[in-house]
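An overview of the molecular structure
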Amino acid sequence: MTRAASATFAANRAEGAVKVGVRLADGVTRRGDLHESGSLRVRFPSPEAEGLSAVFVNTAGGIAGGDRFDIDISAGEGARLTLTTAAAEKVYRAAGPAAQLNIALKAGAGAHLAWLPQETILFDRSRISRRIDIELAADASLLLCEIVVFGRSAMGEKMRHGEFVDRWRMRRAGKLVLAETVRLDGEIGEKLKRPAVANGGVAIGTALIVPGDEAVVARIREASDTFGGEVGISAWNGFAMARFCAQDAARLRADMMTVLGRACGSALPRLWLN
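Below is a summary of the structure that appears in this document.

Calculation rules
- Residues numbered from 1 in each chain as written.
- Predicted model: local features only at pLDDT ≥ 70, side-chain atom pairs only at ≥ 80, totals over all residues.
- Heavy atoms only, no water.
- Helix = DSSP H or I, 4+ residues; strand = E, 2+ residues; numbered from the N terminus.
- Rg over C-alpha atoms; globule rule 2.2 N^0.38 Å.
- Buried < 20%, exposed > 50% of the residue type's maximum accessible area, 1.4 Å probe, protein only.
- Contact = heavy atoms within 4.5 Å.
- Areas by Shrake-Rupley, 256 points an atom, 1.4 Å probe, with all protein chains shown as cover.
- Lys, Arg positive; Asp, Glu negative; His and termini not counted.
- Charge placed at Lys NZ, Arg CZ, Asp CG, Glu CD.
- Expected span 1.5 Å × (residues − 1).
- Arc of directions from axis to C-beta.
- Polar contact = N/O pair within 3.5 Å; in protein donor to acceptor, adjacent residues only side chain to side chain.
- Core = buried A, V, L, I, M, F, W, Y, C linked by side-chain atoms within 4.5 Å.
- 1 Å grid on protein atoms, 1.4 Å probe; cavity = no way out; pocket = protein on both sides within 12 Å on 5 of 7 lines; lining within 4 Å.
- Points joined across faces, edges and corners; volume = space filled by probe spheres on them.
- Nonpolar A, V, L, I, M, F, W, Y, C, P; charged D, E, K, R; others polar.
- Pairing = 2+ DSSP bridges.

Right, let's talk about the overall build of the chain for a bit. Helices and strands together make up the secondary structure of the chain, namely four helices and 17 strands. Against the compact-globule benchmark of 19 Å for 274 residues, the chain has a radius of gyration of 19 Å, which places it among compact chains. Each of the three principal axes of the chain carries a C-alpha extent, and together these read 60 × 45 × 35 Å. Counting across all 274 residues of the chain, residues that qualify as buried make up 46%. A separation threshold of at least 6 residues defines the contact pool for the chain, and within that pool the share at least 24 residues apart is 72%. For the chain, the accessible surface area stands at approximately 13,000 Å², while carbon and sulfur atoms represent 50% of it. Taking the 36 positively charged and 31 negatively charged side chains of the chain as two groups, their mean positions are separated by 4 Å.

Below you can see the structure in the form of structure tokens.
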């Protein structure tokens, strides 16, 4: 019966993959090859600014233990692409293996890529392992953000136990310039209370800005009096990174919008403003 239950569990896992490339043609960014499978879809609404916009939709309605999603994005030479998600992604309680989310982002010479998904919300006893691999040409630019929420505090929900593994690697002109892995598991709720972890916060975030220098850092720090949570930013290796921690998701989202607005000077996707 154990084998039968395992087979049933595996057969009901969601899988999805999207591979898309964009290219510059006659001064306009156009969609190239596109492959979709499983429950993951990508749509291209009317451009909101220069370049092309894309929105990811997970028709599975969320992520559960054992699910797997693979995203592969490529912006060709000179192309401009902004990506977001239709809504916050919810990661539900896992009875077995952790969910797997693999994201590959590539930007060619002179290309600009903006990866701006809405929040990832982790429910109690959820388990997810995420991997983000970034490859940039020497003169490509990138704007990336990720927000993780440990339980919906506005709904009275808390994440007490679970597993969250987040692995980031970034290469520029073939050289590794960023490598970090965050791992929270076991009694996550208690760990988040520690001053050196989140000091009781339930939402964390990261923004990555390439290229980034002290001028970008100074521009963002000018808004420090408006931040509702903790925000720290620094620059090294030719890029800038901002870290966020807040007592609730709404506060962190507002801080993230301020930072992104000052980092790029252009409007965020309309879905962020709903």
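Alright, that's what it looks like, and here's the rest.
A word on helix H4 (residues 249-264). Between its first and last C-alpha atoms H4 spans 22 Å; for 16 residues at 1.5 Å apiece the expected length is 22 Å, and the two agree. Listing the buried residues of H4 in full gives Leu252, Arg253, Asp255, Met256, Val259, Leu260 and Ala263. Projected down its long axis, H4 carries its buried residues within an arc of 165 degrees, all on one side. For H4, the elements touching its buried residues are strand S12 (141-150), strand S15 (203-210), helix H3 (214-221), strand S16 (230-236) and strand S17 (239-246). Two to three positions downstream of the cap, the backbone nitrogen of alanine 250 sits 3.2 Å from a side-chain oxygen, assigning the N-cap of H4 to aspartate 248. Looking one or two residues beyond H4, the residue adopting positive phi is glycine 265, at roughly 75 degrees.

What follows covers the nonpolar core. Ranked by size, the top nonpolar core spans 52 residues in total, and within it Met170 and Leu208 carry the most contacts. No other element matches the five residues that strand S8 (residues 99-107) contributes to this core. In contact with methionine 170, not counting residues within four places along its chain, are Ile134, Leu136, Leu142, Lys175, Leu176, Val177, Leu178, Leu208, Val210 and Phe239. Counting residues in each nonpolar core, the second largest holds 28 residues, with Val149, Val259, Ala263 and Trp272 among its members.

All right, on to the layout of surface pockets then. Volume-wise, the largest pocket comes out at about 450 Å³. Arg80, Thr82, His112, Ser266 and Ala267 are, among the 27 residues lining the largest pocket, the residues nearest its centre. For the lining of the largest pocket, a count of residues per class yields 16 nonpolar, six polar and five charged. In this structure, the second largest pocket occupies an estimated 390 Å³ of space. Around the second largest pocket, the lining comprises 26 residues; the ones closest to its centre are Asn58, Ile63, Thr85, Ala87 and Glu89. Only strand S4 (52-58), strand S5 (68-75), strand S7 (89-91), S8 and strand S11 (127-136) provide two or more residues apiece to the lining of the second largest pocket.

Restricting attention to buried positions, one finds in H3 the residues Val216, Val217 and Ile220. One face of H3 carries all of its buried residues, which in axial projection span an arc of 100 degrees. Among the structural elements, S15, S16, S17 and H4 are those in contact with the buried residues of H3. Sitting at the head of H3, aspartate 213 places a side-chain oxygen 3.1 Å from the backbone nitrogen of alanine 215.

This next bit is on the pairing of strand S14 (residues 175-186). Two elements, strand S13 (residues 162-172) and S14, share eleven bridges in a ladder whose sense is antiparallel. Bridge pairing links valine 165 to arginine 183 in S14. Where S13 folds back on S14, the antiparallel hairpin that results is connected by two residues, among which alanine 173 adopts a positive phi of roughly 55 degrees.

Omega for the bond connecting valine 210 with proline 211 falls within 30 degrees of zero, at -5 degrees, which places this linkage in the cis form. For proline 211, the location among the structural elements is in the loop between S15 and H3. Unlike most non-glycine residues, asparagine 199 shows phi in positive territory, near 55 degrees. Tracing the chain through its elements places asparagine 199 in the loop between helix H2 (188-192) and S15. The class for asparagine 199 is partly exposed, based on a relative accessible area of 44%.

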